[in-house]
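Single-letter residue listing:
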Amino acid sequence: MRTRRLALTAAAVAAIAATATACGPDNSDAAAPTAPVTKAAAPSEPATAAPAGAAPTKTAPPKSPAAPAGSASAAPGDKSGYGQVCGANDLDFGAKAETQAGGYLLISAKAKSGITCTLPAGHPVIAFGSGGIEAAAFERGAGEQITLSGAKTVYAGIMTKTTKGNQAVQYTDVIIGIGTPDPNPVTVPVGTTPVDKPVVTNWHTLPKDAVPVG
């Protein structure tokens, strides 16, 4: 009996040991402490090409540098006071009756105060009365341009009557323009003067060169 009890006891101990082994932790499968996982950076997205047919981006053109003050050319008709072509309203005129060569009118002109301007080559535009009796050119050539400033004076001679007989018309004023047409012609008193087919010389810097004779 004793031997049998010992055998049963040994069997029970063996069973308990087997049960404990089956239920205990499996050290062979225990994982090492897990290292923190570093999240990989997302890859950069590749540049996307512009779709075919898309309009290219316009680049604003560079601005032109501002022109220095006073460098712009004067527009036609601009009367800035310096460097323009003379108009009749830029000039002070005088008229004097002369007896040489059978009698003629000597017209003088100079720039008004503060103005420098250039007379175009040729003669002044001379007319009498509302009917516009215009003087023809006395000289064949056009002469030269003349710049007027300060006291510089130019002269032109008008032969008011070049015909014989008594068919002349009497006028007391002469209308003077520079160029054709002059938007601002000037009327200059000349006294009672007979006019018929008048002629006029070019502008000259000396009065003796403005005598309509020859």
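Before reading further, recall that the structure is shown in the block above.
Residues numbered from 1 in each chain as written. Predicted model: local features only at pLDDT ≥ 70, side-chain atom pairs only at ≥ 80, totals over all residues. Heavy atoms only, no water.

(A) Representation of the pattern of salt bridges within the structure. Here the structure, examined in full by the defined rule, presents two salt bridges. A salt bridge links Glu98 to Lys96, with the nearest nitrogen and oxygen atoms 3.9 Å apart. Residue classification places Lys96 among the exposed positions, given a relative accessible area of 52%. Its salt-bridge partner being Asp209, residue Lys208 comes within 3.4 Å of it at the nearest N-O pair. (Salt bridge = Lys/Arg side-chain N within 4 Å of Asp/Glu carboxyl O. Buried < 20%, exposed > 50% of the residue type's maximum accessible area, 1.4 Å probe, protein only.)

(B) Main features of the packing of aromatic side chains. Taken as a whole and judged by the stated rule, the model has one aromatic pair. Here Phe128 and Tyr171 contribute two aromatic rings whose centre-to-centre distance is 6.0 Å and whose plane-to-plane angle is 40 degrees, an arrangement assigned as tilted. Residue Phe128 is located in strand E5 (residues 125-128), and its partner Tyr171 is located in strand E10 (residues 169-177); the two are separated by 43 residues in the primary sequence. The same class applies to Phe128 as to Tyr171, namely buried. (Phe/Tyr/Trp six-rings, centres within 6.5 Å; stacked < 30°, edge-to-face > 60°. Helix = DSSP H or I, 4+ residues; strand = E, 2+ residues; numbered from the N terminus.)

(C) Structural detail: the sheet that holds strand E11 (residues 186-195). A sheet is described by the order of its strands in space; here four strands give the open sequence E6-E5-E10-E11, paired in antiparallel fashion. Of all the strands in the sheet, the pair left with one neighbour each is strand E6 (133-134) and E11. Relative to E6, E5 runs antiparallel, the two sharing two bridges. Looking across to E6, one finds that Ala127 is bridged to Glu134. (Pairing = 2+ DSSP bridges.)

In short, shape yes, function no, at least from these values alone.
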